[in-house]
Amino acid sequence: METVTISPKFQVVIPKNIRESLKLAPGQKVQAIAYEDRIELIPQRPMKEMRGFLKGVDTDVPREHLQV
């Protein structure tokens, strides 16, 4: 686990090993989400890069019966 410090301008630096493992680039956008008592940063990826990322996911999901 990495620890970062919040600057007086409320900025943080993402540690190098995390940047490299997630292949983050300067200027790349991330979504900041407050979840319970933590902050999650989720990298935004181009749609072309997302192609095939759900390969192998089981799409057989039980559905509710529709009443007509």
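Let me sum up the structure you'll find in this document. (Residues numbered from 1 in each chain as written. Predicted model: local features only at pLDDT ≥ 70, side-chain atom pairs only at ≥ 80, totals over all residues. Heavy atoms only, no water.)

### Quick notes on the layout of surface pockets
And step 1. Looking at the largest pocket, its volume works out to about 450 Å³.
And step 2. As for the largest pocket, its lining consists of 15 residues, of which Val4, Val12, Ile14, Ile39 and Leu41 are closest to the centre.
And step 3. Among the residues forming the lining of the largest pocket, the class breakdown is 13 nonpolar, no polar and two charged.
And step 4. Approximately 190 Å³ is the volume attributed to the second largest pocket.
And step 5. Along its surface, the second largest pocket is lined by Val12, Val13, Ile14, Arg19, Leu24, Ala25, Pro26, Gln28, Val30 and Leu41.
And step 6. Residue composition of the lining of the second largest pocket, by class: eight nonpolar, one polar and one charged. (1 Å grid on protein atoms, 1.4 Å probe; cavity = no way out; pocket = protein on both sides within 12 Å on 5 of 7 lines; lining within 4 Å. Points joined across faces, edges and corners; volume = space filled by probe spheres on them. Nonpolar A, V, L, I, M, F, W, Y, C, P; charged D, E, K, R; others polar.)

### Description of a nonpolar patch on the surface
And step 1. Together, Val4, Ile6, Phe10 and Val12 line one region of the surface with nonpolar side chains, adding up to about 430 Å² of accessible area.
And step 2. If you trace the backbone, isoleucine 6 turns up in the segment before helix H1 (16-21).
And step 3. Assessed through its relative accessible area of 56%, isoleucine 6 is described here as exposed. (Patch = residues over 30% accessible without salt bridge, like charges linked within 9 Å, V, L, I, M, F, W, Y side chains within 5 Å. Areas by Shrake-Rupley, 256 points an atom, 1.4 Å probe, with all protein chains shown as cover. Salt bridge = Lys/Arg side-chain N within 4 Å of Asp/Glu carboxyl O. Helix = DSSP H or I, 4+ residues; strand = E, 2+ residues; numbered from the N terminus. Buried < 20%, exposed > 50% of the residue type's maximum accessible area, 1.4 Å probe, protein only.)

### So, the pairing of strand S2 (residues 38-43)
And step 1. As paired strands, strand S1 (residues 30-35) and S2 are joined by six bridges and run antiparallel to one another. Each residue of the ladder has a partner; that of tyrosine 35, found in S2, is arginine 38.
And step 2. Taking the residues between adjacent antiparallel strands as the criterion, S1 and S2 are bridged by two residues, where glutamate 36 takes a positive phi near 50 degrees. (Pairing = 2+ DSSP bridges.)

### So, the pattern of salt bridges
And step 1. Under the definition given, this model contains two salt bridges.
And step 2. Here glutamate 20 makes a salt bridge to lysine 16, at a shortest N to O gap of 3.8 Å. Note that glutamate 20 and lysine 16 are positioned in helix H1 at a spacing of four residues, about one turn of the helix. Lysine 16 carries the same exposure label as glutamate 20, and that label is exposed.
And step 3. Note that glutamate 40 is salt-bridged to arginine 38, the shortest N-O span being 2.9 Å.
And step 4. With relative accessibility at 28%, the residue glutamate 40 sits in the partly exposed group.

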